[in-house]
Amino acid sequence: MTLVTTEDRGAVRVVTYANPPFGTMTAAGSTEMFEAVSTAVGDGAVRAIVITGGLPGIFIRHYDVGELSVMSDNLAAGAPATSPPPQQPAARRPGFLELTDLIAAADKPVIAAINGLCMGGGFELSLACDLRIAGKDVAAIGLPETRVGIFPGGGGTQRLPRMIGEAKALEIILRGLTVDGPGAGALGIVHEVVGDPLARALEIAAELAGRGAEGLAFAKRLTRAALDRPLSEGLADERASFLAVMRTASAREGLRAGRQPAEIQKA
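**Q** Could you give an account of the nonpolar core, naming the residues involved and the relevant values?
**A** Formed by 42 residues in total, the largest nonpolar core has its most connected members in Met33, Ile51, Ile103, Leu125, Ile141 and Leu160. At five residues, helix H1 (residues 27–42) tops the list of elements feeding residues into this core. Ignoring any residue separated from it by four or fewer positions in sequence, one finds Ile103 in contact with Val37, Ile51, Val110, Leu125, Ala128, Cys129 and Lys220. Of all hydrophobic cores here, the second largest spans 14 residues; its members include Val50, Ala201, Ala205 and Ala209.

**Q** I'd like a rundown of the packing of aromatic side chains, residues and numbers included.
**A** Scanning all chains against the criterion turns up one aromatic pair. A centroid spacing of 5.9 Å and a plane angle of 75 degrees characterise the contact between Tyr63 and Phe96, whose relative ring orientation is edge-to-face. Residue Tyr63 is located in the loop between strand E4 (58–60) and helix H2 (65–76), and its partner Phe96 is located in helix H3 (residues 96–105); the two are separated by 33 residues in the primary sequence. A relative accessible area of 16% means that Tyr63 is categorised as buried.

**Q** Explain the pairing of strand E1 (residues 4–9) to me, and be specific about the residues and the numbers.
**A** Where E1 meets strand E2 (residues 12–17), six bridges bridge the pair, whose relative direction is antiparallel. Opposite Glu7, over in E2, you have Val14 as the bridge partner. From the end of E1 to the start of E2, which pair antiparallel, there are two residues, and Gly10 there has a positive phi angle of about 65 degrees.

**Q** Pulling in residues and values, what's your account of the side chain of Arg132?
**A** Secondary-structure assignment places Arg132 in strand E7 (residues 131–135). Although buried, Arg132 forms no salt bridge, and the nearest oppositely charged side chain, Asp130, lies 7.3 Å from it. Here Cys129 takes part through its backbone oxygen, which lies 3.0 Å from a polar atom of the side chain of Arg132. Within the structure, the side chain of Arg132 is placed 2.8 Å from the backbone oxygen of Ile189, a separation counted as a polar contact.

**Q** Requested: an account of the state of the cysteines, with residues and values cited.
**A** Two cysteines whose sulfur atoms are joined by a covalent bond form what is called a disulfide. Tallied over the full model, the rule gives zero disulfides. With no disulfide of its own, Cys129 lies closest to Cys118 among cysteine sulfurs, the gap being 9.1 Å. With relative accessibility at 1%, the residue Cys129 sits in the buried group.

The rules behind each value
Residues numbered from 1 in each chain as written. Predicted model: local features only at pLDDT ≥ 70, side-chain atom pairs only at ≥ 80, totals over all residues. Heavy atoms only, no water. Core = buried A, V, L, I, M, F, W, Y, C linked by side-chain atoms within 4.5 Å. Buried < 20%, exposed > 50% of the residue type's maximum accessible area, 1.4 Å probe, protein only. Helix = DSSP H or I, 4+ residues; strand = E, 2+ residues; numbered from the N terminus. Contact = heavy atoms within 4.5 Å. Phe/Tyr/Trp six-rings, centres within 6.5 Å; stacked < 30°, edge-to-face > 60°. Pairing = 2+ DSSP bridges. Lys, Arg positive; Asp, Glu negative; His and termini not counted. Salt bridge = Lys/Arg side-chain N within 4 Å of Asp/Glu carboxyl O. Polar contact = N/O pair within 3.5 Å; in protein donor to acceptor, adjacent residues only side chain to side chain. Disulfide = S-S within 2.5 Å.

The structure is reproduced here in structure tokens:
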């Protein structure tokens with residue numbers, strides 16, 4: 001069964017995940033998502049990516065607990081964390097961790113349209129995205145892993161504190177808390193809370209798709225790296241990158257079109 005579908009809306013690639021009936025992320029789903037996102041990243045005609053859920057009321061519920069339980073038993077018995085079935089090659093296929101790293105490092109904007117339940121691995125995937133748009137009626141967004149004896153292992157302990165600060169992140173992670181869509185907006189873990197998150201994500205993606213690809217790629221890379229290195233190193237990279245992007249055709253075109261202040265100020 002195919003868990004991931006894609007659709008192009010102009011220069012925007014929509015990647016939809018649907019694993020009925022519960023909408024959980026699995027190893028197979030992670031690999032499918034990785035392949036879909038990787039293809040979108042490598043397609044020059046795609047200028048922005050939107051990830052959303054394909055089941056009513058579910059973005060990605062969380063990572064499949066049954067698979068995690070099997071992994072736990074295998075690790076306790078001394079087996080590798082991932083044991084591919086005999087019919088599959090021994091080489092490990094890209095999984096959830098590779099997927100989140102790919103999203104975070106993509107050289108184009110990736111937007112999560114959170115249209116339903118978004119917990120655990122589902123929320124961690126959204127944290128790897130550049131922007132998160134949540135629905136007003138989303139019932140649960142958060143990291144409940146400590147309720148089942150583990151902790152967020154897909155980036156949650158590292159990405160959430162960078163977004164909302166250590167104190168609030170610790171409260172959410174240690175207590176295994178979830179919030180609804182408006183609560184997520186109040187905490188700042190999503191950027192907007194709207195009635196139709198997919199429609200709004202597509203609107204923002206179309207806006208970004210109309211801007212210089214090189215400028216956005218440099219801006220994303222530099223901003224994401226800002227808190228992970230000394231200021232002097234970041235500033236040196238920014239200055240060198242600024243000169244590099246100024247040489248591109250898209251920058252020259254945009255600057256010529258925006259010479260008048262009134263043009264620059266237009267939204």
